[in-house]
Amino acid sequence: MAPIAVGDIIPDGTVAYFNEQDQLQQASIHSLAAGKKVILFGVPGAFTPTCSVKHVPGFIEKAAELKSKGIADILLISVNDPFVMKAWAKTYPDNKDVKFLADGSASYTHALGLELDLSEKGLGTRSKRFALVVDDLKVKAANIEAGGEFTVSSADDVLKAL
């Protein structure tokens, strides 16, 4: 399947997360993104070095600036279970704006066409690193990394696209 691209409508799919009351929730991507401008960014894995030290902190640190440019929500998706995503989110105590979403079986990642086979590293199917700007379900910017790179999908790169 071809990867998601500018002009496409994002596919719907179900993700899981823990809400503020620590209750496990399931939600459709369309329910989280319809009628507003959001950033959907994906990372290969929770607790991995580039994801944890650079990618996620950048969106947390730049959240106010992103919101000042019209972004309503910042949605992080990773091929991990919701319990891992909850534990990972807790490592960012100052985070108020990035919602950690679990795509446990990589079904949504496959729907986006952004799966990455990391079996040779013992990680199985994961997500490519990416950042999408989505306005009422339509992709306005698609910054998709090659392999395990981190050159086009940072919060600063998204700010340039807004």
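Residues numbered from 1 in each chain as written. Predicted model: local features only at pLDDT ≥ 70, side-chain atom pairs only at ≥ 80, totals over all residues. Heavy atoms only, no water.

Asks: So what exactly am I meant to see when it comes to the overall build of the protein here?
Replies: Broken down by element type, the protein carries six helices and nine strands. What you see for the protein is a C-alpha radius of gyration of 14 Å, in line with the 15 Å of a compact globule of 162 residues. Taken along the three principal axes of its C-alpha coordinates, the protein extends 40 × 40 × 25 Å. In the protein, buried positions account for 48% of the 162 residues. Nonlocal contacts in the protein, meaning residues at least 24 apart in sequence, comprise 63% of its contacts between residues at least 6 apart. Roughly 7,500 Å² of accessible area belongs to the protein as shown, and the carbon and sulfur atoms make up 50% of that amount. Side chains of the protein carry 17 positive and 20 negative charges; the gap between the two charge centres is 3 Å. (Helix = DSSP H or I, 4+ residues; strand = E, 2+ residues; numbered from the N terminus. Rg over C-alpha atoms; globule rule 2.2 N^0.38 Å. Buried < 20%, exposed > 50% of the residue type's maximum accessible area, 1.4 Å probe, protein only. Contact = heavy atoms within 4.5 Å. Areas by Shrake-Rupley, 256 points an atom, 1.4 Å probe, with all protein chains shown as cover. Lys, Arg positive; Asp, Glu negative; His and termini not counted. Charge placed at Lys NZ, Arg CZ, Asp CG, Glu CD.)

Asks: Looking at this model, I keep getting lost on the nonpolar core. Mind explaining?
Replies: One broad rule of soluble globular proteins: the nonpolar side chains tend to lie buried together. Ranked by size, the top nonpolar core spans 25 residues in total, and within it F41, F59, I74, L76 and W88 carry the most contacts. Among the elements of the structure, β3 (37-43), α2 (49-61), α3 (63-68), β4 (73-78), α4 (82-89), β5 (98-102), β8 (130-135) and α6 (155-161) are those that each provide at least two residues to this core. Looking at this core, the element that brings in the most residues is α2, giving four residues. Of all hydrophobic cores here, the second largest spans 21 residues; its members include A33, V38, I77 and L101. (Core = buried A, V, L, I, M, F, W, Y, C linked by side-chain atoms within 4.5 Å.)

Asks: How do you make sense of the pairing of strand β9 (residues 138-144) when you look at a structure like this?
Replies: In summary, the side chains of a regular strand alternate between the two faces of the sheet. Two strands pair when backbone bridges link them, and β8 and β9 are joined in this way by six bridges, in the antiparallel orientation. Across the sheet, V133 pairs through a bridge with A141, a residue of β9. Two successive antiparallel strands, β8 and β9, enclose a turn made up of two residues, where D136 displays a positive phi of approximately 50 degrees. (Pairing = 2+ DSSP bridges.)

Asks: How should I be thinking about the packing of aromatic side chains in this particular structure?
Replies: Each aromatic ring pair is described using two quantities: the centre-to-centre distance and the angle formed by the ring planes. According to the stated counting rule, one finds six aromatic pairs in the structure shown. With centroids separated by 4.0 Å and ring planes inclined at 20 degrees, the aromatic side chains of F41 and F59 adopt a geometry described as stacked. Separated by 18 residues along the polypeptide, F41 in strand β3 and F59 in helix α2 bring together distant segments of the chain. Among the residues examined, F41 registers a relative accessible area of 0% and is labelled buried. Of the residues examined, F59 reaches a relative accessible area of 0% and is grouped as buried. For the ring pair W88 and F100, a centre distance of 5.4 Å and an interplane angle of 85 degrees mean the geometry is edge-to-face. (Phe/Tyr/Trp six-rings, centres within 6.5 Å; stacked < 30°, edge-to-face > 60°.)

Asks: Looking at this model, I keep getting lost on unusual backbone geometry. Mind explaining?
Replies: If a residue is not glycine, its phi is most likely negative; likewise, a peptide bond is most likely trans. A positive phi angle, close to 65 degrees, is found at F47, a residue other than glycine. Counting through the fold element by element, F47 comes out in the loop between β3 and α2. Phi is positive for A106, close to 65 degrees, though the residue is something other than glycine. By secondary structure assignment, the location of A106 is in the loop between β5 and α5 (107-112). Looking at A106, the relative accessible area reads 1%, which means it is buried.

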